[in-house]
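# Coordinate inspection notes
Take a look at the letters that make up each chain.
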Amino acid sequence: MSPGREALRDLRRRECAALMATDAARAALALHGAPVLLLDTARVRRQYRRLRSALPFVRFHYAVKALDHDAVIATLADDGCGFDVATGEELALLERHGVDPGRVIHTHPIKKAAEIADAIGRGIRTFVIDNETELAKFTGVGSDVSLLVRLAYRSPHAKSDLSSKFGVGAFEAERLVTSALARGIRVAGFSFHVGSQLDDPDRFVRAIDETVALMGDLERRLRTRFTVLDIGGGFPVAYDEPVASIDDIAARIRPVLAPLVGRLDIIAEPGRVLVAEAMTLVTSVVGVAERADGRWYYLDDGVYGAYSNVVAEDVHPLVFAERELRSDVAGHRWATLAGPTCDSADVVANEVLLPELAVGDLLVSPAMGAYTAVTATRFNGRAPTPIAVVGFAAQSPAERAALASAV
Ligand SMILES: Cc1ncc(COP(=O)(O)O)c(C=O)c1O
């Protein structure tokens with residue numbers, strides 16, 4: 001294992017050990033049993049503040065799709081963060097938290113006309129489009145509604161390269177802006193998403209450079225003025241190997257963005273980086289089998305549940321035996337970790353080095369906050385893995401009381 005990987009593993013191990021030793025974690029396990037997701041809202045707040053101080057002139061809109069838990073929304077709303085929604089349901093969630101729609105942007109490039117009308121009626125004024133059909137749906141909207149044209153930048157190094165499904169190149173972007181001007185629809189600027197879990201600061205820099213150059217070119221040639229640059233999401237998270245930190249990426253993009261301050265409203269839509277490290281999954285061993293390829297442990301959560309990120313995103317969460325968090329354990333062996341459903345694709349990890357485990361033993365996976373609970377299914381009739389808030393703010397007075405009584 002590389003020194004960087006080893007140091008990360010050690011850090012995560014210490015973080016998991018500290019979390020599992022708290023009264024709140026023990027209470028959550030007593031209340032829910034395994035599997036359970038432990039959500040520490042203090043870490044969400046910390047990440048948001050890190051982003052703010054690294055890029056003080058950027059306005060952040062949390063991409064609600066990454067984790068739509070009430071405690072996350074409440075924490076970020078309380079700290080002044082904006083929000084990025086993809087659906088009316090996400091907007092309704094924000095409304096329940098009293099979030100001013102002026103702090104919300106709608107970034108799904110494809111929407112039903114009824115969804116657009118509904119969102120406008122509820123106060124949303126910024127939308128994203130990337131094609132003529134979508135643009136036509138905005139004909140006749142009020143002059144206070146403005147659009148961002150989504151650009152596509154290929155990112156083969158991203159875990160999820162979003163450029164094949166959405167976004168346009170410079171030529172198509174020009175046609176869309178021209179068409180919008182003819183229809184009397186305001187295009188405020190451009191957005192892009194460099195790809196999710198992208199450990200490549202240079203890709204961010206190049207995307208910003210190319211977008212700013214395009215904006216200048218179109219402003220001159222189409223005699224129009226843009227006011228918004230949306231640099232999307234994509235900030236990576238260290239799952240099983242180190243990645244560029246918020247500070248690393250900010251150090252690269254700050255000099256590119258700084259000259260634009262005052263001329264453009266610079267916004268971003270981070271999802272993963274705000275919530276991934278804030279949630280930890282605790283599972284338990286349900287079955288143990290010796291097969292031709294070695295030891296298999298069958299867990300009570302898997303890729304159709306909270307480990308959905310393993311398949312949907314090809315990320316590799318670390319997995320610790322809870323026993324090895326408390327003290328050093330000798331006699332590790334390689335094992336396969338399987339989820340609880342009948343599907344043979346439900347394998348969380350191959351070749352994991354773990355101490356000898358028995359039915360009932362707990363396993364702990366850190367950095368399980370982003371695209372996990374939200375993308376889980378109910379395959380085999382399994383209930384969603386409960387989320388217990390173990391940070392400063394418990395989820396609700398009822399949960400606080402339940403947790404307190406379960407200690
Ligand atoms: C339009 C849009 N904005 C923001 C995000 C959040 O991206 P990330 O979680 O990589 O920061 C996504 C993720 O898919 C997205 O599609």
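Notes on the structure follow. (Residues numbered from 1 in each chain as written. Predicted model: local features only at pLDDT ≥ 70, side-chain atom pairs only at ≥ 80, totals over all residues. Heavy atoms only, no water.)

### Topic: the pairing of strand β11 (residues 294-299)
Counting buried positions along β11 gives 5 out of 6 residues, so the element sits mostly inside the fold. Where strand β10 (residues 279-291) folds back onto β11 in an antiparallel hairpin, the turn is made up of 2 residues. With 4 bridges joining them, β11 and strand β13 (residues 333-338) adopt parallel strand pairing. By the bridge assignment, Arg 295 is partnered in β13 with Ala 335. (Buried < 20%, exposed > 50% of the residue type's maximum accessible area, 1.4 Å probe, protein only. Helix = DSSP H or I, 4+ residues; strand = E, 2+ residues; numbered from the N terminus. Pairing = 2+ DSSP bridges.)

### Details of the site of the ligand
With respect to spatial proximity, 15 residues lie near the ligand, and among them His 193, Ser 196, Glu 269, Arg 272 and Tyr 371 are the closest. A distance of 2.8 Å separates an oxygen atom of the ligand from a polar atom in the side chain of His 193. Contact between the ligand and Glu 269: a nitrogen atom at 2.5 Å from a side-chain N or O atom of the residue. A total of 390 Å² of accessible area belongs to the ligand in isolation, and the protein chains cover 91% of it. For the shell around the ligand, the per-class residue count stands at 4 nonpolar, 6 polar and 5 charged. (Near = heavy atom within 4 Å. Polar contact = N/O pair within 3.5 Å; in protein donor to acceptor, adjacent residues only side chain to side chain. Areas by Shrake-Rupley, 256 points an atom, 1.4 Å probe, with all protein chains shown as cover. Nonpolar A, V, L, I, M, F, W, Y, C, P; charged D, E, K, R; others polar.)

### Thoughts on the layout of surface pockets
Taking a probe equal in size to a water molecule and rolling it over the atoms shows the remaining empty space. As a volume, the second largest pocket reaches approximately 450 Å³. Elements that contribute at least two residues to the lining of the second largest pocket include exactly α1 (3-20) and β14 (347-354). In terms of residues, the lining of the second largest pocket owes the most to one element, β14, which gives 6 residues. For the lining of the second largest pocket, a count of residues per class yields 11 nonpolar, 2 polar and 4 charged. (1 Å grid on protein atoms, 1.4 Å probe; cavity = no way out; pocket = protein on both sides within 12 Å on 5 of 7 lines; lining within 4 Å. Points joined across faces, edges and corners; volume = space filled by probe spheres on them.)

### Regarding the packing of helix α3 (residues 41-54) against helix α4 (residues 70-78)
Packing of α3 against α4 leaves a shortest axis separation of 9 Å and a crossing angle of 40°. One element, α3, and the other, α4, form an angle in the oblique class. Here α3 runs over α4; the crossing is right-handed. When α3 is examined against α4, the residues Thr 41, Val 44, Arg 45 and Tyr 48 are found in contact with a partner set consisting of Ala 71, Val 72, Thr 75, Leu 76 and Asp 78. (Axes fitted to C-alpha atoms, helices over the stretch in contact; angles between N-to-C directions. Parallel < 35°, antiparallel > 145°, perpendicular 65-115°, else oblique. Left-handed = near helix turned anticlockwise from the far one by under 90°. Contact = heavy atoms within 4.5 Å.)

The quantities given are spatial measurements derived from coordinates; they are silent on function.
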